[in-house]
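# Geometric and topological summary
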Amino acid sequence: MSTAVPEITFDAFEPSERADPYPAYRRVRDAAALFPYAFGDVPVTLITRYEECSAVLTGADWGHGYSAGISPFRDSSAAIPGSFVRMDPPEHARYRKLVAKAFTPRMVGELAPVAGGVVDELVEKAVQRGELDILEDLAVPLAVAMIPVRLLGADPADGARFREWQLAIARGSDPDSLLGEADVTARGAAAIGCMGYFAELIARKKRTPTPDLLSELVAASVEGDKLTEPEVIGMSLLLLVAGMETSINLIGNGMLALLRHPEQLALLRERPELIGPALDEMLRYDAPTQFTIRVALADTVVGGREFKRGDGVVVLTASASRDDRVFPDADVFDITRYAGNRTARKHLGFSLGIHYCVGAPLARIEAEAAVRTLLDRAPELRIATDTVEYRPSLIHRGVLALPVTM
Ligand code: HEM
């Protein structure tokens, strides 16, 4: 079984395509569902279309393969205890369920007014100034307030340190085979700084528990065994890494899409109840997470091709979410696409399967508060720059700044 691969070059990861990688995704998607590629020195297959991407993300034959020792990817975060995003069943579920408890409807109901209060204050200050950088003045302080401070119970005065650590760690989230030495060193230093901070914080929570997820994790046990301190530290680091850069970029990419489509922005002002479907469309149209990686855990077949145990693939979720085979007019930004439409296919912005984003409810709360408040409080919202620059990351997609006048 094999599929012929047309001779095109995959260039979506080139700096020249950073402003808009979607035409490059389209070229490769239209050429082949499975495309051979090299991730640095690691040979992989790019999975470009929706059906094949979702088959890999939901297939029991696919996972990460670190515990089995078969992953071709070098990812030092996989060695961090408790970092369940790189774990396979059965250990993955044991850790995930402890964190999922923080995102029950009741907890989410408690978090929404907190996010609303933070956003109100930030936007009020901006309205007085008449200008705002949606990234640094809104999305970043909101993410700091919600994740290290509210969820993990860190001191609000330490917010700037978290932002610094998180940036270095986010930059280092691309596979090691694609990173420079300086990025790897900076990521290591940030992870050590952050883990030291959490160790001290955990000691405090042991003495005096507070109503936050970190105190719950300190008290929690996995199948009767208490979580070890390194596991609690690893889980905290995972929440910070998985939650901050992504939720910041949803607000940045989503607001940019609205500002570039004034008729959609006007529609959302007119029909605020469309906020939920609009967030899904933002995640489909310009996702903060562009891809994920997987490894065949057994010999298996996807897209008519055989994969051997230990083969690595790059699941191009951002390409799949623009696949015309399942999304009509996939390149059109349409905030009504998901409105009352039960047949619209799920975008892959939060992935699928057992690793589906456990923090999705919090991400939605943050983005809803930010977008709603901006639209309510700034009737004359305008983008204040001709050029938008992107971070040099591949897995994370996000703008460096998004200045607006209001
Ligand atoms: C818009 C914001 C967000 C986006 C786009 C996003 C995206 C994703 C994606 C694509 C995955 C799956 C990765 C894979 O399949 O390999 C994931 C998993 C995860 N996300 Fe999010 N995420 C967001 C916000 C958050 C937040 C706010 C948190 C928590 C504070 C969070 C925590 C996690 C965790 C812990 C996982 C691992 C789940 C598992 O392996 O079972 N995420 N996220």
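Shown above is the structure to which this text applies.
Below is a summary of the structure that appears in this document. (Residues numbered from 1 in each chain as written. Predicted model: local features only at pLDDT ≥ 70, side-chain atom pairs only at ≥ 80, totals over all residues. Heavy atoms only, no water.)

## Here's the deal with the overall build of the chain
- Looking only at helices and strands, the chain has 13 helices and 12 strands in total.
- Relative to the globule expectation of 22 Å for 406 residues, the C-alpha radius of gyration of the chain, 21 Å, shows essentially globular dimensions.
- Across its three principal axes, the chain shows a C-alpha extent of roughly 65 × 55 × 45 Å.
- Sequence-distant contacts in the chain: of pairs separated by 6 or more residues, those separated by 24 or more amount to 71%.
- Accessible area for the chain stands at about 17,000 Å²; split by element, carbon and sulfur atoms hold 54% of it.
- Distance between charge centres in the chain, computed from 44 positive and 56 negative side chains, equals 4 Å. (Helix = DSSP H or I, 4+ residues; strand = E, 2+ residues; numbered from the N terminus. Rg over C-alpha atoms; globule rule 2.2 N^0.38 Å. Contact = heavy atoms within 4.5 Å. Areas by Shrake-Rupley, 256 points an atom, 1.4 Å probe, with all protein chains shown as cover. Lys, Arg positive; Asp, Glu negative; His and termini not counted. Charge placed at Lys NZ, Arg CZ, Asp CG, Glu CD.)

## What about the site of the ligand?
- Surrounding the ligand, one finds 28 residues, the nearest of these being H92, R96, T292, H355 and C357.
- Here T292 contributes a side-chain N or O atom positioned 2.6 Å from an oxygen atom of the ligand.
- The contact in question runs from an oxygen atom of the ligand to an N or O atom on the side chain of R294, over 2.8 Å.
- The set of elements that each furnish at least two residues to the shell around the ligand consists of helix 3 (91-100), helix 5 (134-151), helix 9 (229-260), strand 7 (292-296) and helix 13 (360-377).
- Here the shell around the ligand gets seven residues from one element, more than from any other, and that element is helix 9.
- A per-class count over the shell around the ligand returns 16 nonpolar, 10 polar and two charged. (Near = heavy atom within 4 Å. Polar contact = N/O pair within 3.5 Å; in protein donor to acceptor, adjacent residues only side chain to side chain. Nonpolar A, V, L, I, M, F, W, Y, C, P; charged D, E, K, R; others polar.)

## Structural notes on the side chain of S83
- Mapping S83 onto the fold places it in the loop between strand 3 (62-63) and helix 3.
- The residues contacting S83, other than those within four sequence positions of it, are S77, G234 and L238.

## Looking at the pairing of strand 7
- Counting buried positions along strand 7 yields five of five residues, so the element is predominantly enclosed.
- Here strand 7 shows two buried faces, one formed by T292, R294 and A296 and the other by I293 and V295.
- Note: strand 3 against strand 7, two bridges, orientation antiparallel. Pairing of G63 across the sheet is with V295, part of strand 7.
- Where strand 7 meets strand 10 (residues 312-315), four bridges bridge the pair, whose relative direction is antiparallel. Note on strand 10: the bridge partner recorded for T292 is V315. (Buried < 20%, exposed > 50% of the residue type's maximum accessible area, 1.4 Å probe, protein only. Pairing = 2+ DSSP bridges.)

## Some details on the environment of V222
- Topologically, V222 is positioned in strand 5 (residues 221-222).
- Exposure remark for V222: the relative accessible area of 13% places this residue in the buried category.
- For the pair V222 and Y95, spaced 127 residues apart in sequence, the C-alpha to C-alpha distance is 7.2 Å.
- In contact with V222, not counting residues within four places along its chain, are R94, Y95, L98 and L227.

## Some remarks on the coordination of the iron atom of the ligand
- For the iron atom of the ligand, the protein contributes exactly one donor atom, C357 (SG), at 2.3 Å.
- One can find C357 in the loop between helix 12 (317-320) and helix 13. (Donors = N, O, S within 2.8 Å, 3.2 Å for Na, K, Ca; no water.)

## Points about the packing of helix 9 against helix 10 (residues 262-270)
- Closest axis-to-axis distance for the helix 9/helix 10 pair is 5 Å, and the angle between their directions is 105 degrees. When the interaxial angle is binned, helix 9 and helix 10 end up roughly perpendicular. Counting all contacts with helix 9, which are made through L258, L259 and R260, the residues of helix 10 involved are P262, Q264, L265 and L268.
- For the contact of helix 9 with helix 10, the per-class residue count stands at five nonpolar, one polar and one charged. (Axes fitted to C-alpha atoms, helices over the stretch in contact; angles between N-to-C directions. Parallel < 35°, antiparallel > 145°, perpendicular 65-115°, else oblique.)

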